[in-house]
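Observations on the three-dimensional arrangement
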Amino acid sequence: MTIFLLILFGFLAGIVGGMGMGGGTVLVPLLSFLDLPQKTIQAINLVSFLPMCSVALIFHAKNRLVETKHVLWLIVPAIIFAVAGALVADVASNEILRLCFAVFLIAVGIWQLVLSVKFVVKQRKERRNSTPADTGVLNDEMPEQSVATKRQYDDTDN
């Protein structure tokens, strides 16, 4: 059963990681169902991350989705703080690490929810404020009719 769950968890983390959303964000909570120590879960996540991100990066690069202009500003501090994070994780207890990850997930979830609500509100506001010309609807014309079709109807009426 454990092998089946690991395959399933790898499948789910691979899909999410391939989309660039962080497979570890899915993998870490899923691995906690296997009752493993948090440090072991984090180590498994880090090892599985390397092949996942390598394959995803190849596909994203082929599709010209990779923007490298300012990437050094991200990589350099990330490496420095990865060392600091590893040192802290080494001395922290499993319970503290699990709590920190839970707080992180809750904070990210709330942030994503706020962004989603803002987006929906903005979309509704734009729909309410749009004029018929903005939507392509002229006078009594149906939305699917073009201006040329409207002219044809006007010409046949005379």
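Up top is the structure.
These figures come from a predicted structure and were not determined experimentally.

We now examine the overall build of the protein. Helix and strand content of the protein: seven helices and zero strands. Secondary structure of the protein in N-to-C order comes out as α-α-α-α-α-α-α. A buried classification covers 14% of the 158 residues belonging to the protein.

This next bit is on the nonpolar core. Formed by Phe-9, Ala-13, Leu-27, Val-28, Leu-30, Leu-31, Leu-34, Ile-41 and Met-52, the largest nonpolar core amounts to nine residues. Only helix 1 (2-18), helix 2 (23-31) and helix 3 (38-62) provide two or more residues apiece to this core. By residue number, the principal contributor to this core is helix 2, which donates four residues.

So, about the packing of aromatic side chains. In the structure shown here, the tally under the stated rule is one aromatic pair. Look at Phe-101 and Phe-104: their rings are 6.0 Å apart centre to centre, the planes differ by 40°, and that puts the pair in the tilted class. Pair noted here: Phe-101 and Phe-104 are both in helix 5 (residues 94-129), with a separation of three residues, about one helical turn. For Phe-101, a relative accessible area of 21% corresponds to the partly exposed category. The class of Phe-104 is partly exposed, set by a relative accessible area of 44%.

Attention now goes to the packing of helix 3 against helix 5. Interaxial distance between helix 3 and helix 5 falls to 8 Å at its minimum, and their mutual angle equals 55°. Relative to helix 5, the element helix 3 is oriented oblique. Side by side, helix 3 and helix 5 meet where Gln-38, Lys-39, Ile-41 and Gln-42 of the first sit next to Asn-94, Leu-97, Arg-98 and Phe-101 of the second. Classifying every residue of the contact of helix 3 with helix 5 gives three nonpolar, three polar and two charged.

A grouping of Arg-124, Lys-125, Arg-127 and Arg-128 is seen on the molecular surface, where their side chains present a positively charged patch. In this fold, Arg-124 is placed in helix 5. Exposure remark for Arg-124: the relative accessible area of 52% places this residue in the exposed category.

Once that is clear, we can look at a nonpolar patch on the surface. A cluster of nonpolar residues, Met-1, Phe-4, Leu-8, Phe-11, Leu-12, Ile-15, Met-19 and Met-21, forms a patch on the protein surface that exposes about 840 Å² of accessible area. Residue position: Phe-4 is located in helix 1.

Now for the side chain of Gln-38. Turning to its location among the elements, Gln-38 is positioned in helix 3. Polar side-chain contacts of Gln-38 include one of 3.4 Å to the side chain of Arg-98. Residues contacting Gln-38, with those up to four places away along its chain left out, are Val-28, Asn-94, Leu-97, Arg-98 and Phe-101.

Our next topic: unusual backbone geometry. Look at Asp-35: it is not a glycine, yet its phi comes out positive at around 60°. Within the fold, Asp-35 resides in the loop between helix 2 and helix 3. By relative accessible area, Asp-35 is classed as exposed at 70%.

Rules used throughout
Residues numbered from 1 in each chain as written. Predicted model: local features only at pLDDT ≥ 70, side-chain atom pairs only at ≥ 80, totals over all residues. Heavy atoms only, no water. Helix = DSSP H or I, 4+ residues; strand = E, 2+ residues; numbered from the N terminus. Buried < 20%, exposed > 50% of the residue type's maximum accessible area, 1.4 Å probe, protein only. Core = buried A, V, L, I, M, F, W, Y, C linked by side-chain atoms within 4.5 Å. Phe/Tyr/Trp six-rings, centres within 6.5 Å; stacked < 30°, edge-to-face > 60°. Axes fitted to C-alpha atoms, helices over the stretch in contact; angles between N-to-C directions. Parallel < 35°, antiparallel > 145°, perpendicular 65-115°, else oblique. Contact = heavy atoms within 4.5 Å. Nonpolar A, V, L, I, M, F, W, Y, C, P; charged D, E, K, R; others polar. Patch = residues over 30% accessible without salt bridge, like charges linked within 9 Å, V, L, I, M, F, W, Y side chains within 5 Å. Areas by Shrake-Rupley, 256 points an atom, 1.4 Å probe, with all protein chains shown as cover. Salt bridge = Lys/Arg side-chain N within 4 Å of Asp/Glu carboxyl O. Lys, Arg positive; Asp, Glu negative; His and termini not counted. Charge placed at Lys NZ, Arg CZ, Asp CG, Glu CD. Polar contact = N/O pair within 3.5 Å; in protein donor to acceptor, adjacent residues only side chain to side chain.

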